[in-house]
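So you can see what is in the structure, the chains are spelled out below.
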Amino acid sequence: MRKNRWDDWLTKVGILRIDRYIIGQFLGTFLFTIALIMAIIVAIDIQEKLDIIMDPMVSRAVIIRYYIALIPYFSVLLTPLFIFLSVVFFTSKLAARSEIIAMQAAGMSFNRLLYPYMISAGIVALVSFVFSSEIIPKLNVHRVSFEDTYVSPDRKVVTDRNLQVMIGPGEVAFFSTFETDNNVGYNFSLEKYEDNKLVSRMTGQTITYDSLFHWTAHNYQIRNFEGLVEEVHSGDQLDTTLLITPNDIVVAWQGGDQMTTSELHDYVQKQKKRGVGNIQAFQVEFHRRFASIPAAFILTLIGVALSARKAKGGTGVNIAIGLVLSFSYILLFMISTSYAVSGALSPLMAAWLPNLIFLPIAFLCYLKAPR
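Now for a description of the structure that goes with this document.

About the thresholds
- Residues numbered from 1 in each chain as written.
- Predicted model: local features only at pLDDT ≥ 70, side-chain atom pairs only at ≥ 80, totals over all residues.
- Heavy atoms only, no water.
- Buried < 20%, exposed > 50% of the residue type's maximum accessible area, 1.4 Å probe, protein only.
- Phe/Tyr/Trp six-rings, centres within 6.5 Å; stacked < 30°, edge-to-face > 60°.
- Helix = DSSP H or I, 4+ residues; strand = E, 2+ residues; numbered from the N terminus.
- Expected span 1.5 Å × (residues − 1).
- Contact = heavy atoms within 4.5 Å.
- Polar contact = N/O pair within 3.5 Å; in protein donor to acceptor, adjacent residues only side chain to side chain.
- Core = buried A, V, L, I, M, F, W, Y, C linked by side-chain atoms within 4.5 Å.
- Pairing = 2+ DSSP bridges.
- Axes fitted to C-alpha atoms, helices over the stretch in contact; angles between N-to-C directions.
- Nonpolar A, V, L, I, M, F, W, Y, C, P; charged D, E, K, R; others polar.

On to unusual backbone geometry. Glycine aside, residues mostly have negative phi, and peptide bonds are mostly found in the trans state. One non-glycine residue, N187, lies in positive phi territory at about 50°. For N187, a relative accessible area of 51% puts it in the exposed group.

Counted by the stated rule, this structure contains 18 aromatic pairs. Judged by centre distance (5.4 Å) and plane angle (10°), the rings of F90 and Y117 are stacked. One end of the pair, F90, is in helix α5 (residues 79-96); the other, Y117, is in helix α7 (residues 110-151), with 27 residues separating them in the sequence. For the residue pair F90 and Y117, the accessibility class agrees, reading buried in each case. A network of ring pairs unites the aromatic residues F175, F178, F188, Y209 and W215 as a single cluster.

For helix α4 (residues 60-77), built from 18 residues, the straight-helix expectation of 26 Å at 1.5 Å per residue is met to within 8% by its first-to-last C-alpha distance of 26 Å. Where the residues of α4 are buried, they touch α2 (17-48), α3 (50-54), α5 and α7. Where α4 begins, one side-chain oxygen reaches toward the backbone nitrogen of A61, 3.2 Å away; that side chain belongs to S59.

For D45, the position within the fold is in helix α2. Residue D45 is classed as buried on the basis of its relative accessible area of 9%. A distance of 2.5 Å separates polar atoms of two side chains, one belonging to D45 and the other to K49. At a separation of 2.9 Å, a polar atom in the side chain of D45 contacts the side chain of Y67. Here D45 is in contact with Y66, Y67 and L70, once residues within four sequence places are set aside.

The next subject is the nonpolar core. Counting 43 residues, the largest nonpolar core has F26, I83, F110, L113, Y117, I302 and F358 as the members making the most contacts within it. Among the elements of the structure, α2, α5, α6 (99-105), α7, α10 (280-307), α11 (315-342) and α12 (347-368) are those that each provide at least two residues to this core. Here the element with the most residues in this core is α5; it accounts for ten residues. By size, the runner-up hydrophobic cluster in this structure holds 18 residues, among which are L163, V165, L190 and W215.

A word on α2. When the terminal C-alpha atoms of α2 are compared, their 46 Å separation across 32 residues agrees well with the 46 Å that a helix rising 1.5 Å per residue should span. Burial in α2 covers these residues: D19, I22, I23, F26, T29, F30, T33, I34, I37, M38, V42 and D45. Close packing links the buried residues of α2 with α4, α5, α6, α7 and α10.

Summarising the sheet, strand β5 (residues 214-226) and strand β6 (residues 229-241) pair through twelve bridges and their orientation is antiparallel. Pairing of F225 across the sheet is with E230, part of β6.

Moving on to the environment of Y115. Considering the arrangement of structural elements, one finds Y115 in helix α7. Counting along the chain gives 100 residues from Y115 to I15, while the straight-line C-alpha distance between them is 8.8 Å.

Across ten bridges, the pairing between strand β3 (residues 184-194) and strand β4 (residues 197-211) is antiparallel. Among the inter-strand pairings, Y186 is bridged to a residue of β4, identified as T206. Pairing geometry for β4 and β5, over ten bridges, is antiparallel. Counted as the bridge partner of T208 is T216 from β5. Counting the residues that bridge the hairpin from β4 to β5 gives two residues, and of these F213 lies at a positive phi of roughly 65°.

Helix-helix packing is characterised by the crossing angle of the two axes and by the distance between the axes. Close contact between α4 and α5 brings their axes to 4 Å; oriented N to C, the two are set at 65°. Contacts between α4 and α5 involve F74, S75, V76 and L77 on the former and, on the latter, T79, P80 and F82. Taken together, the residues of the contact of α4 with α5 break down into five nonpolar, two polar and no charged.

Moving on to the environment of F30. Residue placement: F30 occurs in helix α2. F30 sits in the buried class, given a relative accessible area of 9%. When the C-alpha positions of F30 and S120 are compared, they lie 9.9 Å apart, and in sequence the two are 90 residues distant. Ignoring sequence-local partners within four residues, the contact set of F30 consists of T79, F82, I83, S86 and V124.

As structure tokens, this is what we get:
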């Protein structure tokens, strides 16, 4: 009785039995693809970390938490691949069994055929966004902690270059290099401005962070400017107070993965106000989470358009095309991210560039799809 009521309600909102069939095929194939590929990834990862896993000093609970975090992390990361393969695989099977021809013979247009696909893409996009925004960042704390402790213990040592940070109104600090293993900055300078005029500039060959806001500059020089008069002081060592810590200067690459979307937004805004210039990776991560939503629809449209007709080479041809396009999408995102981190591309453009390139491809595939 409950099933009949549910079916009646879905019919009333326009989701017919054929739609439910396609949605079930889409989501079922999607979950099967995730399970299959993640089983391969986990098996390879276990083989690489077998020495760590077999180490009696490593807690079983720690290992279990690591893989509980690893599986959803890669699942969401490779969602474009899973969507494309799922759509191409089961749509090719529908076409091979002439089911799509039968639907069209019954009066279903290609646009109407896309309806259940887009509902499925919306479900996947929504679940993926929730996971990447709220769940996976919290799980990544365990994943990154495990990797930093047992896999790459030296990764916590971060060296960053060409850094600047606003300490307060009219005060800007510069570091050519900063190392977090010993909290030492090199080629340091501190400039103070009043009414957009430089009034003081302090430089130091190195500067060391000691405790809360306490810094020590070595081989320093202070130049004070009063009109055309310049006053110079220099020395071997100078203790000073700067309202910054190493965490305000150096940004670790993994940090964005461990923040929820709201935390990520607040962090980026805070760092922008401080004048920190090395937050591109965080900005890309923030925009990527929103760009993944339309990506699900774009890749679904391409997959349906390519697979809705019978291929001469069989299903394997469509799957091969799907693999090439899905890996191209992921590779394009990785390349654009690298350009964004280096400053050659804006973070917003880096996150949305794959969508902007694949959108006209989806439109061309749509025009050539069987009607």
